[in-house]
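Commentary on secondary and tertiary structure
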Amino acid sequence: MTAAASTLFAGAPVWPDGVADWHAALARWGPTGAAAHAQGPFALADASTGVATVDRFAVQTLCWRHTPDGVRVALRADALGGSEIDPQALFDYLYFHVIPAPRTIFRGVQRLPAGHVLVDGEGGPQAQPYWRPRFEPRAKPDFAALAQRFRRLLSDAVRAELGQGTPACFLSGGTDSSTIAGMLRQVAGQAHTYSIGFDAEGYDEMEYARIAARHFGTVHHEYYVTPDDLVRHIPAVAAAYDQPFGNSSALPAYLCALKARGDGVTKLLAGDGGDELFGGNARYATQQIYGHYARVPQVLRRGLIEPLLAVPGAGAVNLLRRGRNYVRDANTPLPDRTQGFNLLRRLGMGQVLTPEFRAAVDEKSVLQQQRDVWALPEAGSELDRMLAFDWRYTLAEADLPKVRGTCALAGIDVGFPMLDGRLVDFSMQLPADYKLRGQQLRWFFKEALRGFLPDEIIAKTKKGFGLPFGVWALRHAPLMALASDSARGFAARGVVQPGFVEQLLRERLPEAPGYYGEMVWILMMAEQWLRHHAPDWRLRT
């Protein structure tokens, strides 16, 4: 490894049992054990042992490249001298809207997945998991005792993430950010809260943020994003990442952080992680509905229901068509079942991608990667396995890089109290029905904080910092010009079909701006990144 010996790239891990540092942890537990015992966000590389590792959620990231002179490591993929764009990575980006580890946009440069350690093996460096989530739910949970412990852990986690300056946090008005705001006010004696609003019907949640701010007595700050803000900042935000990044919430997060930085704040706390630890995403309830079909006796499923739904002409009857779709999806195991919601699949790969690009990539590799991640945790319930799956794809690959990257661009630090190791371990001890009770999301979380959080926050549905990009693009000529020019520029590189882009911009976007706007966004952000990092690249056949 060509890094300096004992190089600490980012973070400050803490080990138990009086272990003082990385070398002492290595001597005691070895590479895998040392990483597994570490708490907190970190990215470490040690040239003397050839070991590199990142924390459980890759809050801090580490990239590596195997060269004739050894392994080179860096925090960013674009710092390792890679220049050849990997078409497979671009396919992964269009599929996931990010490029999940271990691949990066550069051929030959890899990113350590969350909870992995890089060690020297006989065949060269190898990345292997040091942490497999192990769910061990309590058989006879004591709600009152668990609720008391939960609040204490939340308070301790916020205290541990406090910076030296003004106590401040993001506040969307959702359950997680409101909880962080309240705990911050309680722990620090004061709290500054920062919220983003949108002047677009169905997207603005500022009133909920105000409810939380009033309830906890925070010093509240608001910023309303405009289409002009997007035109001004999209190129810089796209270019700031070390590879194409398509999470559209990055722009609101950046503007929120920029507002805080202008006020002299040096660190913001974020609420990311609560949904994925405690069962707060609507898809968990949706997938549970599919699970009900497995409890229908097989003789009824195979002998009556499925033959009835397969009768010619059944698809013409709305109720029977919906039933047939339900049975088809219910018979598809997870995580494969989730592919039906994938935007690229729904639009049709043959409709979106050029034949030359499809011939250059492996379209099946994304599903195999997801199956491997799905199999990693030790979980007795499908819900817990879904949570661990989202720890990788929603948190480590999308939401955390979004907040971390945009805060860094704004010149501000960020902390994630919900991902404190003690809280994560606590969540894995909760029974599945404490997370999802019937169709009620994050039941324990809300009940444990009832009386602490405002009732309106507990009762609200989740939205977050959703961006009305598609709606605004249709109304704001400069934004539409930026989006159209970018999407057409990306099509000229040989990845997506120009005809699809024209149909997307002229027909589909006006039909459903919220839905098709997401595809326009990811094409635009890919092109903006390429213009900065690889302006001359196009697919070579």
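The present account deals with the structure reproduced in this document. This is a predicted model, so every value here is computed, not measured. (Residues numbered from 1 in each chain as written. Predicted model: local features only at pLDDT ≥ 70, side-chain atom pairs only at ≥ 80, totals over all residues. Heavy atoms only, no water.)

**Description of the pattern of salt bridges**
The final tally for this structure, using the stated rule, is 32 salt bridges. For R56, the salt bridge is made with D425, and the minimal N-O distance between the two is 3.2 Å. Linking R56 in the loop between β3 (51-54) and β4 (63-67) with D425 in helix α17 (residues 421-427), this pair joins segments that are 369 residues apart in sequence. We classify D425 as partly exposed; its relative accessible area is 29%. For R506, the salt bridge goes to E502, with nearest N and O atoms at 2.9 Å. Placement of both R506 and E502 in helix α23 (residues 498-511) is noted, with a separation of four residues, approximately one turn of the helix. Given the relative accessible area of 25%, E502 is considered partly exposed. (Salt bridge = Lys/Arg side-chain N within 4 Å of Asp/Glu carboxyl O. Helix = DSSP H or I, 4+ residues; strand = E, 2+ residues; numbered from the N terminus. Buried < 20%, exposed > 50% of the residue type's maximum accessible area, 1.4 Å probe, protein only.)

**A few points about the side chain of T53**
Inspection of the secondary structure puts T53 in strand β3. A polar side-chain atom of T53 sits 3.0 Å from the main-chain carbonyl oxygen of H116. (Polar contact = N/O pair within 3.5 Å; in protein donor to acceptor, adjacent residues only side chain to side chain.)

**As for the environment of L347**
The topology assignment puts L347 in helix α12 (residues 343-347). Along the chain, L347 and Y516 lie 169 residues apart, while their C-alpha atoms are 9.6 Å from each other. When residues no more than four places from it in sequence are discounted, the contact partners of L347 are V352, F500, R508, Y516 and M519. (Contact = heavy atoms within 4.5 Å.)

**Section: the packing of aromatic side chains**
Applying the stated rule across the entire model yields 28 aromatic pairs. Here the aromatic rings of W15 and W22 are separated by 6.1 Å at their centres, their planes lie at 35°, and the arrangement is tilted. Exposure class is identical for W15 and W22. Each is buried. Ring centres 6.0 Å apart and planes at 55° place the aromatic pair F106 and W529 in the tilted group. Here W529 lies in helix α24 (residues 513-533) and F106 lies in the loop between α2 (87-96) and β6 (109-111), a separation of 423 residues in the sequence. The same class applies to F106 as to W529, namely buried. Here the aromatic cluster, defined as three or more aromatic residues joined through ring pairs, consists of F143, F150, F278, F426, Y434, W443, F444 and F445. When the ring centre of F445 is taken as reference, the NZ or CZ atom of R442 above it lies at 4.1 Å. (Phe/Tyr/Trp six-rings, centres within 6.5 Å; stacked < 30°, edge-to-face > 60°. Lys NZ or Arg CZ within 6 Å of the ring centre and 35° of its normal.)

**Observations regarding the sheet that holds β4**
Taken together, three strands build an open sheet; the order of strands is β5-β4-β6 and the sheet is antiparallel. Pairing within the sheet leaves two strands with one partner each, and these edge strands are β5 (70-74) and β6. On average, adjacent strands in this sheet sit at an angle of 30° to one another, irrespective of strand direction. Note that β4 and β6 share three bridges and pair antiparallel. Bridging from a neighbouring strand, W64 pairs with Q110 of β6. (Pairing = 2+ DSSP bridges. Axes fitted to C-alpha atoms, helices over the stretch in contact; angles between N-to-C directions.)

**As for the pairing of strand β10 (residues 192-198)**
Most of β10 is tucked away: seven of the seven residues are buried. Side chains H192, Y194, I196 and F198 project from β10 onto one buried face, and the interleaved T193, S195 and G197 project onto a second face that is buried too. The sheet contact formed by strand β9 (residues 168-170) and β10 spans three bridges and is parallel. Its bridge partner lying in β10, F170 is registered against Y194. Of the crossover connections in this fold, the one passing from β9 over helix α4 (residues 175-188) to the parallel β10 is right-handed. Between the parallel elements β10 and strand β11 (residues 219-225), the chain passes through helix α5 (residues 206-216) in a crossover that is right-handed. (Right-handed = clockwise from strand over helix to strand, strands pointing away.)

**Quick notes on the side chain of Q369**
Summarising the element assignment, Q369 is placed in helix α15 (residues 365-375). Its relative accessible area of 14% is what places Q369 among the buried residues. A polar atom in the side chain of Q369 sits 2.8 Å from the side chain of Y393. The contacts of Q369, once residues within four sequence positions are left out, are F96, P100, A101 and Y393.

**Some points on the nonpolar core**
Formed by 162 residues in total, the largest nonpolar core has its most connected members in L94, F150, W391, F444, F469 and V496. Among the elements that line this core, the one with the most residues is helix α16 (residues 382-410), at 13 residues. Each residue touching F150, except ones within four places of it in the same chain, is listed here: F278, L423, F426, F444, F445, A448 and L449. (Core = buried A, V, L, I, M, F, W, Y, C linked by side-chain atoms within 4.5 Å.)

**Focus: the state of the cysteines**
This model, assessed by the stated rule, comprises zero disulfides. With no disulfide of its own, C169 has C256 as its nearest cysteine by sulfur position, at a separation of 9.3 Å. We note that C256 lacks a disulfide partner, and the nearest cysteine sulfur, in C407, lies 8.3 Å from it. A relative accessible area of 1% means that C256 is categorised as buried. (Disulfide = S-S within 2.5 Å.)

**Some remarks on unusual backbone geometry**
Look at the link from A101 to P102: it is a cis peptide, with omega at 15°. Cis geometry is found at the peptide bond from L334 to P335, where omega equals 5°. With a phi angle near 40°, R442 is a residue other than glycine that sits in the positive phi range. Positionally, R442 belongs in the loop between β15 (440-441) and α19 (443-448).

**Overview of the environment of I105**
Take I105: it is sitting in the loop between α2 and β6. Classification of I105 by relative accessible area gives buried; the value is 0%. In the structure, I105 is positioned 95 residues away from A200 in sequence and 34 Å away in space, judged by C-alpha atoms. Leaving out residues up to four positions away in the same chain, I105 has contacts with E84, I85, D86, A89, L90, I99, D242, Q243, P244 and W529.

**Examining the pairing of β4**
Looking along a regular strand, one sees the side chains alternate between the two faces of the sheet. Here β4 pairs with β5 via five bridges, running antiparallel. When the sheet's bridge partners are listed, H66 is paired in β5 with V71.

**Re the packing of helix α10 (residues 298-309) against helix α11 (residues 318-330)**
Relative to each other, α10 and α11 sit at 125°, their axes nearing to 9 Å. On the basis of their axis angle, the class for α10 and α11 is oblique. Read as a crossing pair, α10 and α11 show a hand that is left-handed. The segment α10 lies against α11, with I305, E306 and L309 engaging L320, G323, R324 and V327. Here the contact of α10 with α11 is built from residues that sort into four nonpolar, one polar and two charged. (Parallel < 35°, antiparallel > 145°, perpendicular 65-115°, else oblique. Left-handed = near helix turned anticlockwise from the far one by under 90°. Nonpolar A, V, L, I, M, F, W, Y, C, P; charged D, E, K, R; others polar.)

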